[in-house]
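The residues making up each chain are set out below.
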Amino acid sequence: MTVGLTPDRAEASAGGAEPLSARALADAVRRGERRASEVVEEHLAAIEAVDGELGCFLTVTADGARRRAAEIDAEVAAGRDPGPLAGVPVAVKDNLCTTGVATTCASRILEGWRPPYDATVVARLAEAGAVMVGKTNLDEFAMGSSTENSAFGPTRNPHDPSRVPGGSSGGSAAAVAAGLAPLALGSDTGGSIRQPAALCGVVGMKPTYGTVSRYGLIAFASSLDQVGPVARSVADAAALFDVIAGHDPRDSTSLVDVPPACGPAVGAGVQGLRVGLVTELTDAQGVDADVRSRVAEAADALAVAGATVDSVSIPELRFALPAYYLLAPAEASSNLSRYDGVRYGLRVDGDDVADMNARTRAAGFGPEVKRRILLGTYALSAGYYDAYYAQAQRVRTVIIQAFARAYERFDVLLAATTPGTAFRLGEKIDDPLAMYLSDVCTIPTNLAGHPAISVPFGTDSAGLPVGVQILAPALGEPVMVAAAAVLERAAPSTPVPRVAAPTLATAGMPAVGGAR
Amino acid sequence: MPARITREETAHVARLARLDLTDDELDRYAPQLAGVLDHAAQVAAVDTAATPPTAHPFPLRNVLRADVPVPSLDRQVVLAEAPAVEDGRFRVPRIIGEAP
Amino acid sequence: MSAPAGWEAVIGLEVHCELRTATKLFCGCRNEFGAEPNTHVCPVCLGLPGSLPVLSTAAVELAMRIGLALHCEVRPSVFHRKNYFYPDMPKDYQVSQYDEPINVAGYLDLPDGSRVGVERAHIEEDTGKTSHVGDTGRIHGAGYALVDYNRAGVPLVEIVSEPGITSATQARLYASELRAILVASGASDGRMEEGSMRVDANVSVRRVGDLELGTRCEVKNLNSLRSLSRAVDHEIGRQVAIVEGGGRVEQQTRHWDEDRGCTVTLRSKEEAYDYRYFPEPDLVPLAPDAAWVEDVRSSLGPMPADRRRAVVALFGAGGASDARADQVATVVELGLDHLVVAAAGAGIEPALALARTANEAAADAAAAREVDPAAYTALLQMEQRQELSATQAKAVLAELVTGGGAPVEIARRMGFEALAAGSLAEVVAAVVAEHPGEWERFCGGEAKLAGFFTGHVMRRTEGKANGKAVAAELAKLQG
Ligand SMILES: [Mg+2]
Ligand SMILES: [Zn+2]
């Protein structure tokens, strides 16, 4: 790989961007030092070389990416600025609508469906000069924590292909970890960005509910879903967040307040910051000893950097998982009704329309989606609504109030992202409850609508990446990324993935963390 | 909290959800759902007598749109994705009964 | 048209009204009747994956107008999803207001003096349109169906009456009065034949004196006022016959068959359908503030009942007679009452103004609504001053309604140039002077000679004289 920038680690740790970072690529393209076409070709070649083994992508949009890159190059040549992500390859989770490009949600029921419109976030990426290189694999309709629930085959963890990348944004996390794209979009309903980011050793951020438009994000659970960035550094994640965040009049739940820009906050440090180490999300039953150790080290690192760190117990969080497994399936059962074989997608014929609907849905949905539809239908049905759904909504209030009390004392909270590191394919697939427990540390944030970010912080004894999580109150993204960046700088090095783009293997990974 | 979900209830819920499940699937899903519901039933332990439900994380109100027409989709584009089309409309098998 | 002796009917009506907005409830597609199938659709109203609804301000305002016109309380409201599968529903759930509707607890005063409670008037989205294709064209025999989603997502307000209606006549009166209110409030065009107002009736019967309600049946497909009253009458008769024959009425949804003049079973409703209502997470609550509600209230014109009262008031303390009540109802229903009020205000006899409007102007109400009230008044003045005969005035009125213009000009063009009162008196005096013998006999009591004098006056004036005016002149000369 020839780069126009000096691959100077000293510069990187001093706050400059590492050579493979999205910001460095964009800067080089904007200055005319690199051509977008060349950047895109390199990444397409990497996808070609290693994605057969990983299965990150459901669709590679090579032609579209080349056309777009050529446009960007023409703009630069004409003296125009293509935007803050000029020429940066981005992988897009396949539950985001892309005009004319198959959007499947990793489901047979939507196989081959071509949306007639772009998700707002996809349009914002294009306006910022980014180049979509493909659509990434996921658990069907984003339901899962391992990407094994894809109808089109699993994605594998680049650090160990016999293990899962986490989920549901497993394709996005693995693609970024393997160097197939510097940036990716994921979606996070109960941890679906942060959990795979932790398992793949990359940064994953779930923004405040309502700061990123959901228009064009194929719904799983509408009151919890949020689109967010996956990147190899906190600064890159912040840059992507700044591009996709903002009010969208097409999403009624979009916040009107302009979310504060995160990019400038990355280097703000944590001097004087009050950090609460959440007992329930760290020492909870089922959290591995290795993960607990890394979280404790992360707490130390924040203290060394000038923060005040104290333990805090928020006992109400124990009820987040049970509440989530009533609320999310309930909303999902309704959101997924429209896949009925009438207007788009799969149809399996039947004697009458009801029979056609039932056969289509039986053939088109995989086992996990069926389980959640059944669960959600049950939770909403007559006689059970009050005990299950309405009670879960009240528990949601209880959790929001508990967080509010904690944030009276702390600016941000620190926690594990996942109870364990990447598990083997097939290990939990027949035990739904065990799989659901993978999200025990991430779900509370979704219920509250708050932001959270997972940052790689060393490995377990087997050398698999561990993620730690910074949680912040609503619209607290700037302080959250400041703390995350401090952790990133302090983190023990994460190994270069076993399966990765040649360019990535040469440059080292992650550029900043590895330089400690 | 109500009793665990039975196979019959699973079948009833599957009908409501328009899922044509096989006997094998019903045998498999019923205990799995029961397991998850047992776990979820923990929400009953929280005293929420004085707590209102949360449907949205933030209390937004009156999000409205001006009554100004915008172009609709081209009909060719709309119908191109349909499994069956006739005469500019979506074709479906016979409908038995009216909407409930 | 009321229940058989010894029986009492309990009727509640659910009226779905399509709102006259430019766009659909949750998207910018046009709300327009009669377009080519599937041309007014977009990702939102087709329920494409990833699309999201955004509520139309205009729909909310029109819903408030309906609520305020029905004396409802306008309250904060929440949209729910009503989940059921049906191919005319793009998302397989309907977004509707459930336990927190925007309008509650109103009432409707009917022209017959009765009052019917309005339980609620809530906002919801319409469905698409299915056409059954196949050998018989009837639902059960149809080979397949075709779906057009142009109507899917059109804003509706569903107005639910209390079950306080007791006869087919009153049901019809309620529906027609409600339609007048919907039109007067600007919320709807009230066209039942185009489906912009659709009525379902819940009907049950009980013996007079019974407190317990009978089992009710819901009758659908009532797409005219005539169908409504026929169907309700038939259904009352059917239920009474069942109970008198020792049977039990079964809770059912029934369909009105206009051709056969009877209701037929659609389905039994023994087990209520489980709609799994829950708050629509893609929309936020609606809470119009007091200022907005007052704005809407102050922009509402007078409603039909107020307008009927205004017309009746023209007749003074005695009010309008019963015979005139129908005329009053007609002019208000047709939106012609302003013509009566304007004419009476300019000194026209209220009875004349009302009669001409309810009988003649009403014949072409749409055109009559466009007539200039000043011209209308001028015409009635000519008739009242007897410059035109009643027959002539009606002819001029018909011209005025279809073509407009000044009544004097129209009358001249039609050859009805009026004789001024003064010149008529001269002509009559001249004719009397020319026929002293006949005059003497006329004064002596031979009343039929009036025709003799009138005939001469008519000849002399080439038919322009008004017969009544001639008689009046003769009477004056007699002293
Ligand atoms: Mg309704
Ligand atoms: Zn539309």
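Residues numbered from 1 in each chain as written. Chains lettered and ligands numbered in written order. Predicted model: local features only at pLDDT ≥ 70, side-chain atom pairs only at ≥ 80, totals over all residues. Heavy atoms only, no water.

A. Representation of the interface of chain A and chain C within the structure. The interface of chain A with chain C comprises 39 residues on the first partner and 30 residues on the second. Each partner contributes to the roughly 2,600 Å² buried at the junction of chain A and chain C, and carbon and sulfur atoms together form 58% of this total. A per-residue breakdown of the area chain A buries against chain C is headed by A:Ser252, A:Arg338 and A:Arg343, which together make up 23% of the total. Our count for the contact surface shared by chain A and chain C stands at two salt bridges. For A:Arg214, the salt bridge goes to C:Asp282, with nearest N and O atoms at 3.1 Å. Here chain A is connected to chain C by 17 residue pairs in polar contact (both at pLDDT 80 or more). The greatest single-element share of the side of chain A that touches chain C, amounting to four residues, is contributed by helix H10 (residues 320-335) of chain A. (Contact = heavy atoms within 4.5 Å. Buried area = accessible area lost by both parts, 1.4 Å probe. Salt bridge = Lys/Arg side-chain N within 4 Å of Asp/Glu carboxyl O. Polar contact = N/O pair within 3.5 Å; in protein donor to acceptor, adjacent residues only side chain to side chain. Helix = DSSP H or I, 4+ residues; strand = E, 2+ residues; numbered from the N terminus.)

B. Quick peek at the interface of chain B and chain A. With 52 residues of chain B in contact, the opposing surface of chain A contributes 66 residues. Looking only at chain B, the three residues that lose the most surface to chain A are B:Arg18, B:Phe58 and B:Glu81, adding up to 12% of its buried area. The shortest N-O distance in the salt bridge between A:Lys370 and B:Glu25 comes to 2.7 Å. Put simply, chain B and chain A have 18 residue pairs in polar contact (both at pLDDT 80 or more) between them. At the level of elements, helix H1 (7-16), helix H2 (23-40) and strand E3 (89-93) of chain B are the ones that each hand at least two residues to the side of chain B that touches chain A. At nine residues, H2(B) tops the list of elements feeding residues into the side of chain B that touches chain A.

C. Structural context of the pattern of salt bridges. A full pass over the atoms with the stated rule returns 57 salt bridges over all chains. A salt bridge links C:Arg198 to C:Asp126, with the nearest nitrogen and oxygen atoms 2.8 Å apart. Linking C:Arg198 in strand E11 (residues 197-207) with C:Asp126 in the loop between strand E7 (115-125) and strand E8 (129-133), this pair joins segments that are 72 residues apart in sequence. When the shortest N-O distance is used, the salt bridge between C:Asp337 and C:Arg307 registers 2.8 Å. In this pair, C:Asp337 is assigned in helix H7 (residues 337-345) and C:Arg307 in helix H5 (residues 304-313), connecting sequence segments 30 residues apart. Residue C:Asp337 is classed as buried on the basis of its relative accessible area of 7%. Through salt bridges with shared partners, a single network forms among A:Arg214, A:Asp251, C:Arg81, C:Glu280 and C:Asp282. (Buried < 20%, exposed > 50% of the residue type's maximum accessible area, 1.4 Å probe, protein only.)

D. Structural detail: the domain arrangement of chain C. According to the domain assignment, chain C consists of domain 1 (7-298), domain 2 (302-413) and domain 3 (423-478). When each unit is reduced to the centre of its C-alpha atoms, the spacing between domain 2 of chain C and domain 3 of chain C is 32 Å. (Domains from an automatic or database assignment.)

E. Main features of the coordination of the zinc ion (ligand 2). All names here are of chain C. Each protein donor to the zinc ion (ligand 2) is listed here as Cys27 (SG), Cys29 (SG), Cys42 (SG) and Cys45 (SG); together their distances run 2.3 to 2.4 Å. Around the zinc ion (ligand 2), the four donor atoms are arranged such that angles at the metal cover 100 to 116°; this shape is classified as tetrahedral. Mapped onto the sequence, the residues coordinating the zinc ion (ligand 2) show the spacing C-x1-C-x12-C-x2-C. Taken individually, Cys27 and Cys29 each receive the classification buried, so the pair is uniform in this respect. (Donors = N, O, S within 2.8 Å, 3.2 Å for Na, K, Ca; no water. Tetrahedral: all angles 85-135°; square planar, octahedral: opposite > 155°, others 65-115°.)

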